Amino acid sequence: MTRSHEPLLRVSDLTMMYGDRVGCRNVSFELRPGEVLGIVGESGSGKSTLLRSISAQQEPTKGTVEYHTRIDGIRDIYQMSEAQRRLLMRTDWAFVHQNARDGLRMNVSAGANIGERLMAVGDRHYGNIRNAAENWLDKVEIATERLDDLPSTFSGGMQQRLQIARNLVTSPRLVFMDEPTGGLDVSVQARLLDLLRGLVHDLNLAVIIVTHDLAVARLLSHRLMVMQRGEVIESGLTDQVLDDPQHAYTQLLVSSILQN
Amino acid sequence: MEQTVNNPLEASSAYNFAYLDEQTKRMIRRALLKAVAIPGYQVPFAGREMPMPYGWGTGGVQVTAAVIGPDDTLKVIDQGADDTTNAVSIRQFFAKTANVATTEKTAEASIIQTRHRIPEKELREDQILVYQVPIPEPLRFLEPRETETRKMHALEEYGLMHVKLYEDISRHGHIATTYAYPVMVDDRYVMDPSPTPKFDNPKMDMMAALQLFGAGREKRIYALPPYTKVKSLDFEDHPFEVQSWKDECGMCGATDSYLDEVILDDKGNRMFVCSDTDYCSERQDAGHRGPQHHDQPLGTSHSNGKAAE
């Protein structure tokens, strides 16, 4: 794993308030290229709020999110123009939704779904777009003869893999995932996690993955942040946090996994 | 300054000149000026109720009403024909409310309102072409949110338009969109040329006449000033091409015009005729003859009705 010293993403003192209510408070961390950060916590702990704020979908009340862009170096994403930010979001970033239907265009074929980002950045050669789409279907283990089928004819697991292919086609460097394995049965989950782990490694992706499933966090992430009531209460290497939890809430979380 | 145009020839004093009141016409003209200043950009306007149903060209009629003057000569076509219901009623509407001269000759008209076609005869700088538009937003069927499509236009995010063309090729092997074929205007705005067949798209490019588009139900106006670059979207390996026909026009023998198919009987007999009736009759007057013309010794009698699209 290659890791440069320059962080890819730096979040400083991020606070998101919904009126008087706290979404998340005083969150700071850095993420380096190729690093996978898991954010765990019970529902309502502010995981998704945090993810939305750092992925440019919801401007935080306070604090900054800085990203190391390919061209201009480190930039505060909320100081960029909207055009620049949207370009960043559909080229260098990727967002994998929990529900694949939120991240896919259900009324166009799998090929068009994968090709959309390529066309958005100016690819105008049908043959090349189609080849790229076929390649990516293969990479996410979907039979290439399904290229012209609508995503609505795909199973839940296939839709999730299609969503991943559609996101990774522009070779992003940073991927946000919100419960990517939620709603999938255990065997499909295992296959998807295996696939994700391979892609993350092969493409040297930096990933921020939000999950309430500690098994997913253990399998994928290098580092872990545990959140409770909008605040990060513990963070560190994944095995360290899970094997030797310090905070009372983390201990409770770890001990609540069914063991036999 | 409100003022009623006093047309000495005014036939019916029950209406203001060209039906709409002067204040409304000024509002529409402002929208038109903005539309001409930003070619291809959809300008919202306060569309009025017109004495005809939506879908009959209420947008085009309001635009025509705003630009027409007593000295203008109006031609109205529907599917290229001057004698169809829609064309006849709009022509009569302006003959009655504005008392303007009307014509079926493309060359004699100063304003041409159209529902689908662009006349085959090349238009001049002193002519205005007014289009009736049903759905002005080219991105609508892919992105239903108006807020989002406006943002996409503002930021020139047009990748989605090619997703539609990609789907066409993957389903049909070629770009199967035959009408409302999206165009890029002046290298900036993607525009829907309304229900115009793509056969006419090349005519929009660098046209000498002013082209105005009015969408009554959606309350949008857009425009192409004279000599504006209009490029049909395509892929490098699937370039834009217009429809072509194996047959010639049955009446005038034209091979370069847009042809309508006319079913002659229930035995599979059919003929093709120019959709532009003025173009066809002018050619016939000049002595051109197609294989199914009356003069030709042909047993089958044919109907005058146009094939529906």
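Because the structure is a prediction, the values reported are computed rather than measured.

**Some details on the sheet that holds strand S2 (residues 73–77) of chain B**
Residues and elements named next belong to chain B.
So, step 1. Pairing is mixed across the open sheet formed by seven strands, whose spatial order is S1-S9-S8-S5-S4-S2-S3. Each of the sheet's edge strands pairs with one partner strand only, and the pair in question is strand S1 (43–44) and strand S3 (101–102).
So, step 2. Sheet topology note: the strand S5 (residues 128–132)/strand S8 (residues 210–215) ladder contains five bridges and is parallel. Counted as the bridge partner of Ile 128 is Leu 210 from S8.
So, step 3. Each of S2, S3, strand S4 (111–114) and S5 touches helix H3 (residues 85–97); the most contacted strand, S2, lies at about 160° to it.

**Focus on the interface of chain B and chain A**
So, step 1. Counting from both sides, the interface comprises 22 residues of chain B and, opposite them, 21 residues of chain A.
So, step 2. Counting the surface lost from both chain B and chain A, the interface buries some 1,900 Å², and carbon and sulfur atoms represent 57% of this.
So, step 3. On the chain B side of the interface with chain A, the three residues burying the most area are Glu 157, Val 163 and Tyr 166 of chain B, jointly 29% of the side's total.
So, step 4. Along the contact surface separating chain B from chain A lie four salt bridges.
So, step 5. Of the charged contacts, one joins Arg 86 of chain A and Glu 157 of chain B as a salt bridge, the two residues approaching to 2.7 Å between their closest N and O atoms.
So, step 6. Applying the counting rule to chain B against chain A returns 13 residue pairs in polar contact (both at pLDDT 80 or more).
So, step 7. The element contributing the most residues to the side of chain B that touches chain A is helix H5 (residues 159–172) of chain B, with nine residues.

**Remarks on the domain arrangement of chain B**
By a widespread convention, an interface's size corresponds to the accessible area lost as its parts come together.
All names here are of chain B.
So, step 1. Structurally, chain B comprises domain 1 (8–228) and domain 2 (259–308).
So, step 2. The C-alpha-based centres of domain 1 and domain 2 are spaced at 29 Å.
So, step 3. At the interface, 13 residues of domain 1 touch eight residues of domain 2.
So, step 4. Regarding the contact of domain 1 and domain 2, the summed buried area is about 800 Å², with carbon and sulfur atoms giving 38% of it.
So, step 5. Among the residues domain 1 hides against domain 2, the three largest losses belong to Lys 105, Glu 120 and Lys 121. Together they make up 42% of the total.

**Thoughts on the pairing of S5 of chain B**
All names here are of chain B.
So, step 1. Counting buried residues in S5 gives four out of five residues, a clear majority hidden from the surface.
So, step 2. Of the pairings in the sheet, the one linking S4 to S5 comprises four bridges and is parallel in character. From the neighbouring strand, Ile 112 faces S5, where its bridge partner is Leu 129.

**Examining helix H4 (residues 146–154) of chain B**
One turn of an α-helix holds 3.6 residues; hence residues three or four places apart share an orientation.
All names here are of chain B.
So, step 1. The complete set of buried residues in H4 reads Glu 148, Thr 149, Met 152 and His 153. Viewed end-on, H4 has its buried residues packed into an arc of 140°, placing them on one side of the element. Those residues of H4 that are exposed and angled more than 90 degrees off the buried face are Thr 147 and Ala 154.
So, step 2. At the exit of H4 stands Glu 156, carrying a positive phi of roughly 55°.

**Focus: the packing of aromatic side chains**
So, step 1. Following the criterion strictly, the structure yields 15 aromatic pairs over all chains and no others.
So, step 2. When the centroid spacing of 4.7 Å and the interplanar angle of 5° are considered together, the rings of Phe 213 of chain B and Tyr 222 of chain B count as stacked. The pair formed by Phe 213 of chain B and Tyr 222 of chain B is uniform in burial state, with each residue classed as buried.
So, step 3. Counting every residue linked through ring pairs, the aromatic cluster contains Tyr 67, Trp 93, Phe 95 and Phe 176 of chain A.

**Regarding the packing of helix H4 (residues 110–120) of chain A against helix H6 (residues 156–168) of chain A**
Residue and element names in this part refer to chain A.
So, step 1. Contact geometry of H4 with H6 gives a least axis separation of 7 Å together with a crossing angle of 30°. The pairing of H4 with H6 is recorded here as roughly parallel in orientation. The interaxial crossing formed by H4 with H6 has right-handed handedness. Contacts from Ala 110, Asn 113, Ile 114, Glu 116 and Arg 117 in H4 reach Leu 162, Ala 165, Arg 166 and Asn 167 in H6.
So, step 2. When the residues that make up the contact of H4 with H6 are grouped by side-chain class, the tally is four nonpolar, two polar and three charged.

**Overview of the nonpolar core**
So, step 1. Among the nonpolar cores identified, the biggest contains 37 residues, and Ile 114, Trp 136, Leu 162, Val 175 and Val 207 of chain A are the most heavily contacted of them.
So, step 2. Elements that contribute at least two residues to this core include exactly strand S6 (93–96), H4, helix H5 (126–139), H6, strand S7 (174–178), helix H7 (186–203), strand S8 (206–210) and helix H8 (214–220) of chain A.
So, step 3. The leading source of residues in this core is H7 of chain A, at six residues.
So, step 4. Formed jointly, this core draws a minimum of three residues from each of two domains, domain 1 (1–92 + 173–260) and domain 2 (104–171) of chain A.
So, step 5. Once residues lying within four places of it in the same chain are set aside, the contact partners of Leu 162 of chain A are Leu 104, Ala 110, Ile 114, Leu 137, Ile 142, Pro 151 and Phe 154 of chain A.
So, step 6. Among the nonpolar cores identified, the runner-up in size contains 31 residues, and Met 50, Met 52, Ile 68 and Phe 93 of chain B belong to it.

**A word on the side chain of Glu 120 of chain B**
Residues and elements named next belong to chain B.
So, step 1. Residue placement: Glu 120 occurs in the loop between S4 and S5.
So, step 2. Residue Glu 120 is classed as buried on the basis of its relative accessible area of 15%.
So, step 3. Side chain to side chain, Glu 120 and Arg 117 meet in a polar contact 2.9 Å long.
So, step 4. Aside from chain neighbours lying at most four places away, what touches Glu 120 is Phe 199, Lys 203, Asp 256, Ser 257, Tyr 258, Asp 276 and Tyr 279.

**Quick notes on the domain arrangement of chain A**
All names here are of chain A.
So, step 1. Taken domain by domain, chain A consists of domain 1 (1–92 + 173–260) and domain 2 (104–171).
So, step 2. A C-alpha centroid distance of 25 Å is found between domain 1 and domain 2.
So, step 3. Contacts between domain 1 and domain 2 engage 17 residues on the former and 15 residues on the latter.
So, step 4. Both faces combined, the contact of domain 1 with domain 2 buries some 1,300 Å², and carbon together with sulfur accounts for 65% of it.
So, step 5. Taken together, the connections running from domain 1 to domain 2 amount to one salt bridge.
So, step 6. Viewed at the interface, domain 2 and domain 1 are joined by five residue pairs in polar contact (both at pLDDT 80 or more).

**So, the pattern of salt bridges**
So, step 1. With the rule as written, the count across this model stands at 40 salt bridges over all chains.
So, step 2. Arg 25 of chain A is paired through a salt bridge with Glu 231 of chain A; the nearest N and O atoms lie 3.3 Å apart. Remark: Glu 231 of chain A occurs in strand S10 (residues 231–237) and Arg 25 of chain A occurs in strand S2 (residues 21–31); sequence separation between them is 206 residues.
So, step 3. Owing to a relative accessible area of 34%, Arg 25 of chain A belongs among the partly exposed residues under this scheme.
So, step 4. In this structure Glu 231 of chain A comes out as partly exposed when scored by relative accessible area, which is 33%.
So, step 5. In this structure, Glu 146 of chain B and Arg 150 of chain B form a salt bridge, with 3.2 Å as the shortest nitrogen-oxygen distance. Here Arg 150 of chain B and Glu 146 of chain B lie together in helix H4, a separation of four residues that amounts to about one turn.
So, step 6. With a relative accessible area of 26%, Glu 146 of chain B lands in the partly exposed category.

Definitions and cut-offs
Residues numbered from 1 in each chain as written. Chains lettered and ligands numbered in written order. Predicted model: local features only at pLDDT ≥ 70, side-chain atom pairs only at ≥ 80, totals over all residues. Heavy atoms only, no water. Pairing = 2+ DSSP bridges. Helix = DSSP H or I, 4+ residues; strand = E, 2+ residues; numbered from the N terminus. Contact = heavy atoms within 4.5 Å. Axes fitted to C-alpha atoms, helices over the stretch in contact; angles between N-to-C directions. Buried area = accessible area lost by both parts, 1.4 Å probe. Salt bridge = Lys/Arg side-chain N within 4 Å of Asp/Glu carboxyl O. Polar contact = N/O pair within 3.5 Å; in protein donor to acceptor, adjacent residues only side chain to side chain. Domains from an automatic or database assignment. Buried < 20%, exposed > 50% of the residue type's maximum accessible area, 1.4 Å probe, protein only. Arc of directions from axis to C-beta. Phe/Tyr/Trp six-rings, centres within 6.5 Å; stacked < 30°, edge-to-face > 60°. Parallel < 35°, antiparallel > 145°, perpendicular 65-115°, else oblique. Left-handed = near helix turned anticlockwise from the far one by under 90°. Nonpolar A, V, L, I, M, F, W, Y, C, P; charged D, E, K, R; others polar. Core = buried A, V, L, I, M, F, W, Y, C linked by side-chain atoms within 4.5 Å.

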